[in-house]
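Coordinate analysis (summary)
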Amino acid sequence: MSWKILRVLTTNKCNYRCLYCHNEGQSFSSTQKCLSFKKFIDVLQNIGDTGISEIRFSGGEPLLNEYTVDMIEWTDNNTNYEIGLATNGSMMTESLAIRLSNTRVMVTLHLAALNPKNYSNITGGDIRKLKQCIELFEKYNIRYSFNHVLYPKTICNLEETINYSVSHSKQLKLLPYIERGCKNASSEIIQQIEDKINKYDYKKVYDNTSGITWLNFPNGAVIKIIDSSCYSKDISKCRNYAEIRLLPDTCLQSCIFGKPIVLPRVSDISKKMEELWEKFNVCPKV
């Protein structure tokens, strides 16, 4: 076994202030960082045979880095990796949408709520920008799905979010709320989800190796319920998922609660990833 997913955090900047944000394990800092296009290419050209099969671009809000779409295009043109992009959609323009439509990227949009006031209270953003982004994706046939955080204080938005995703035949990933100390704040919500969708016909599949429950609907909609291994300290699930993070300063991080590891030289990344995999046997203390 080895790492499968490289999550590239192209920036620690974000224009939203979501109530439950963990910023992908990056410390919240007044110092704003962006990964340069050159450093990104250096990284991918030095990964070598590390087992990586997918590159996922994230942040912060990755589109605040002016080179993120350049990175996606380069990955599309020069590699066979699967490509993902996680964004709040607020920075999407028609020109960016056209560029993305010419790649194999799969975009995940954060759907915090459908009610405009609730959306603003949770994210600090404007849902009209998300709706405009969805319209562009539909216009240019860009593949996209949604995610939603199971945060106890915003649970009133869950049923409406599920109904929207299912009725539009989209995939919805339900993410656990994770904080330092790893209290399972989402556990009761997870138990309630099936009660909220019992009006639908669906097939349920549980993947024991990843801890993911799949709810598959006849119209092609999918709900993925993520049961975080942080709660049970089950490192085997994390090893099966096998995602490692590249931070904007090119540090590596094997867990959102783990200490970032400095790369002396980008050319050392393949060796360092192998070393981190060998040590990826216990959860960090949080």
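All of the points below concern the structure found in this document. (Residues numbered from 1 in each chain as written. Predicted model: local features only at pLDDT ≥ 70, side-chain atom pairs only at ≥ 80, totals over all residues. Heavy atoms only, no water.)

1. Looking at helix α10 (residues 269–279)
- Listed in full, the buried residues belonging to α10 are Ile-269, Ser-270, Met-273, Leu-276 and Trp-277. Across the axial projection of α10, the buried residues extend over an arc of 125°, all falling on one side. Along α10, exposed side chains directed more than 90 degrees from the buried face belong to Lys-271, Glu-278 and Lys-279.
- Where α10 is buried, its residues meet α1 (37–46), α9 (235–241), β10 (243–246) and β11 (252–253). (Buried < 20%, exposed > 50% of the residue type's maximum accessible area, 1.4 Å probe, protein only. Helix = DSSP H or I, 4+ residues; strand = E, 2+ residues; numbered from the N terminus. Arc of directions from axis to C-beta. Contact = heavy atoms within 4.5 Å.)

2. A short note on helix α3 (residues 94–101)
- Those residues of α3 that sit buried are Leu-96, Ala-97 and Leu-100. One face of α3 carries all of its buried residues, which in axial projection span an arc of 100°.
- Packed against the buried residues of α3 are α2 (68–78), β3 (82–87) and α5 (127–139).

3. Remarks on the packing of aromatic side chains
- A full pass over the atoms with the stated rule returns 13 aromatic pairs.
- Ring geometry for Tyr-20 against Tyr-151: centres 5.5 Å apart, planes inclined by 70°, an arrangement best described as edge-to-face. Separated by 131 residues along the polypeptide, Tyr-20 in the loop between β1 (5–9) and α1 and Tyr-151 in the loop between β5 (144–150) and α6 (158–167) bring together distant segments of the chain.
- Ring centres of Phe-40 and Trp-74 lie 6.3 Å apart, and the angle between their planes is 85°; on these two criteria the pair is classed as edge-to-face. (Phe/Tyr/Trp six-rings, centres within 6.5 Å; stacked < 30°, edge-to-face > 60°.)

4. Digging into the pattern of salt bridges
- For the structure shown, the criterion picks out 14 salt bridges.
- The salt bridge partner of Asp-70 is Arg-99, with a shortest N-O separation of 2.8 Å. Of this pair, Asp-70 sits in helix α2 while Arg-99 is found in helix α3, placing the two residues 29 residues apart along the sequence.
- A relative accessible area of 23% places Asp-70 in the partly exposed class.
- With its nearest N and O atoms 3.0 Å apart, the salt bridge here joins Arg-104 to Asp-76. Here Arg-104 is found in the loop between α3 and β4 (106–110), whereas its partner Asp-76 is found in helix α2, with 28 residues between them in sequence.
- Since its relative accessible area comes to 28%, Arg-104 is described here as partly exposed.
- Connected through shared salt-bridge partners, Arg-7, Glu-54, Arg-56, Glu-243 and Arg-245 make up one network. (Salt bridge = Lys/Arg side-chain N within 4 Å of Asp/Glu carboxyl O.)

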